[in-house]
Amino acid sequence: MKFCIIDVNNLVHRCKHVIKDYSDPDECAALVITIVFGSLKKTFQKFDSKHCVACFDSASWRKEFYPLYKANRIEDEATMTDEKKEEKQIIKDVLKAIRDYLDNYTNVTVLEGYAIEADDFIARWVQLHDDKNYQHIIVSPDSDFKQLVSENVKLFNPLVNILYTVEGVFHQDGKRITSKDEVVKLYGENWKVKKNKISKKDWELFFKIARGDTSDNIPSIKPGEYEKKLRLVYEDGGGELWNNFINQIYYNKKIEKNIKVRELYDRNKKLIDLKDQPEHIKEKMDKLIEMALLKERKKMVSFYFARFC
């Protein structure tokens, strides 16, 4: 069984930013929806998927755990430009239109729940279907999902045609294949080799936890630490170097306070590790996934798609 799992919010946001020239909001919304559905169709067929799972964002439990989470994205409505207000409204309208359509008129499994992000649902779906009989293609431009890549989980960015697997990173750039290109055959197509082997996902996760995520307003656990030093700490794996690093305390001049690295590490891990959600959130996701899978099978799907278009 091959599942195509879509990070809809991220995909819609990225598609909207691709579109610069349009005459009115309705035209822009139509263009975004066209690109999104085009990407989904291409991906579904490219990987010979059998079922599609669409995941949507809601308010996040991370905000309660860490109030400054994504605080850098909050904009003052009073000072926001008309262009920015229009853009936000277009994205909001498109997400609602796609969500309602997929849930009510297709056989796609739609996952959405209060205080749960699309990232959480995607990670939980993979966890609940972690079996050699299941294959998962995560469809998202977000590199955070590299931590989920495994033998039966691959990450595909449909906007730039890059595929992340445990065997390596591959891409299709639309350019002619030359003798200099290393090429492999995947899913019946030629892919150029970008990297022969992907970095260990545990290292990718540790590095992101240590460095933080500026886009989500998650600070580094030790500002200015070189990647080389962090890799040595990671490879030490619980030895003296690891313990010296994780248990150190340093003075932060900016906030005039002593900082314990371990406390920041634990906080960042909770925010960034997609398999480290609180138990009550996991239980809520499990119930929502179970309910979504009981969805009555829809008929006349092509008719409703034509009407939606």
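Think of each chain on its own: its residues are numbered from 1, step by step along the sequence as written. Selection of residues for local features in this predicted model requires a pLDDT of at least 70, selection of side-chain atom pairs for listing and counting requires 80 or more, and totals for whole chains, interfaces and linings are taken over all residues. Side-chain metrics in this entry use all non-hydrogen atoms of the structure; hydrogen atoms and water are not considered.

K.L.:
I'm lost on the pattern of salt bridges in this one. Help?
P.N.:
Oppositely charged side chains can pair when the atoms bearing their charge come close. Take a side-chain nitrogen of Lys or Arg and a carboxyl oxygen of Asp or Glu: if they are within 4 Å of each other, that pair is a salt bridge. Overall, the coordinates contain 22 salt bridges when judged by the stated rule. Its salt-bridge partner being Asp120, residue Arg62 comes within 2.7 Å of it at the nearest N-O pair. Note that Arg62 is positioned in helix α3 (residues 61-65) and Asp120 in helix α5 (residues 118-128), a separation of 58 residues in sequence. For the pair formed by Arg62 and Asp120, the shared burial category is buried. A salt bridge links Asp216 to Arg73; its shortest N-O distance comes to 2.6 Å. Of this pair, Asp216 sits in the loop between α6 (201-211) and α7 (227-236) while Arg73 sits in the loop between α3 and α4 (82-105), and the two are 143 residues apart along the sequence. Exposure is judged per residue with a 1.4 Å probe applied to protein chains only, and the accessible area is read against the type maximum: over 50% gives exposed, under 20% gives buried, and values in between give partly exposed. For Arg73, a relative accessible area of 44% corresponds to the partly exposed category. In this structure, a network of salt bridges that share partners links the residues Arg62, Lys70, Glu117 and Asp120. Only DSSP runs of H or I covering at least 4 residues are called helices, and only runs of E covering at least 2 are called strands; the numbering of each starts at the N terminus.

K.L.:
Looking at this model, I keep getting lost on the nonpolar core. Mind explaining?
P.N.:
Buried together is how nonpolar side chains tend to be arranged in soluble globular proteins. Here, nonpolar core refers to any group of buried Ala, Val, Leu, Ile, Met, Phe, Trp, Tyr and Cys residues whose side-chain atoms link them within 4.5 Å. Core analysis: the biggest nonpolar cluster contains 34 residues, and Val12, Ile98 and Leu102 have the highest contact counts within it. Within the residue set of this core, elements represented by two or more residues are β1 (2-7), α1 (8-18), α2 (25-46), β2 (51-55), α4, β4 (135-139) and β9 (189-195). Formed by 28 residues, the second largest nonpolar core is a distinct cluster that contains Ile5, Val53, Ala118 and Leu274.

K.L.:
Which parts of the structure should I look at to understand the pairing of β2?
P.N.:
On any regular strand, side chains alternate: one points to one face of the sheet, the next to the other face. In terms of burial, β2 is largely enclosed, as 5 of its 5 residues are buried. By the bridge criterion, 5 bridges tie β1 to β2 in an arrangement that is parallel. Directly across from Phe3, in β2, lies its bridge partner His51. Note: two strands are recorded as paired if DSSP finds a minimum of 2 bridges between them.

K.L.:
Is there a simple way to explain α2 in this structure?
P.N.:
The α-helix winds at 3.6 residues per turn, so residues separated by three or four positions along the chain end up facing the same way. Here α2 spans 31 Å end to end across 22 residues, near enough to the 32 Å set by a 1.5 Å rise per residue. Immediately downstream of α2, the backbone of Asp48 shows phi near 55°, a positive value. In a helix, the anticipated span is given by 1.5 Å times the number of residues less one.

K.L.:
Is there a simple way to explain the side chain of Asp142 in this structure?
P.N.:
Its location among the elements puts Asp142 in the loop between β4 and β5 (153-157). Of the polar contacts made by the side chain of Asp142, one reaches the backbone nitrogen of Asp144; its length is 2.9 Å. Contact criterion: two residues are considered in contact whenever any of their non-hydrogen atoms come within 4.5 Å of each other. Setting aside anything within four residues of it in sequence, one finds Asp142 in contact with Asp7, Asn10, Asp119 and Leu155. A 3.5 Å cut-off defines polar contacts: any pair of N or O atoms within that distance qualifies, except that in protein one atom must be a possible hydrogen donor and the other a possible acceptor, and neighbouring residues in sequence count only when both atoms are side-chain atoms.

K.L.:
Just checking my understanding: could you explain unusual backbone geometry for this structure?
P.N.:
With the exception of glycine, the majority of residues adopt a negative phi angle, and the majority of peptide bonds are in the trans configuration. Even without being a glycine, Ala115 presents a positive backbone phi close to 75°. Position of Ala115 among the secondary structure elements: in the loop between β3 (109-111) and α5. A relative accessible area of 14% places Ala115 in the buried class. Of note in this structure, Met300 is not a glycine but carries a positive phi near 55°. Following the sequence through the fold, Met300 ends up in the loop between α10 (279-293) and α11 (301-308).

K.L.:
Mind showing me how you'd approach the layout of surface pockets here?
P.N.:
Any space left empty among the atoms is revealed by the rolling of a water-sized probe across them. Each cavity reported here is a set of points on a 1 Å grid over the protein atoms alone in which a 1.4 Å probe fits but cannot get out, each pocket an open set with protein on both sides within 12 Å along at least five of seven lines, and each lining residue one with an atom within 4 Å of a point. Grid points are joined across faces, edges and corners, and a volume is the space filled by probe spheres set on the points. In this structure, the largest pocket spans a volume of roughly 1,600 Å³. Along its surface, the largest pocket is lined by 41 residues, and Asn9, His13, Asp57, Lys70 and Arg73 are the ones closest to its centre. Of all elements in the fold, only α1, α3, α4 and α9 (261-272) reach the threshold of two or more residues within the lining of the largest pocket. The element contributing the most residues to the lining of the largest pocket is α4, with 9 residues. Nonpolar residues are Ala, Val, Leu, Ile, Met, Phe, Trp, Tyr, Cys and Pro. Charged residues are Asp, Glu, Lys and Arg, and all others, Gly as well, are polar. Looking at side-chain class alone, the lining of the largest pocket contains 10 nonpolar, 8 polar and 23 charged residues.

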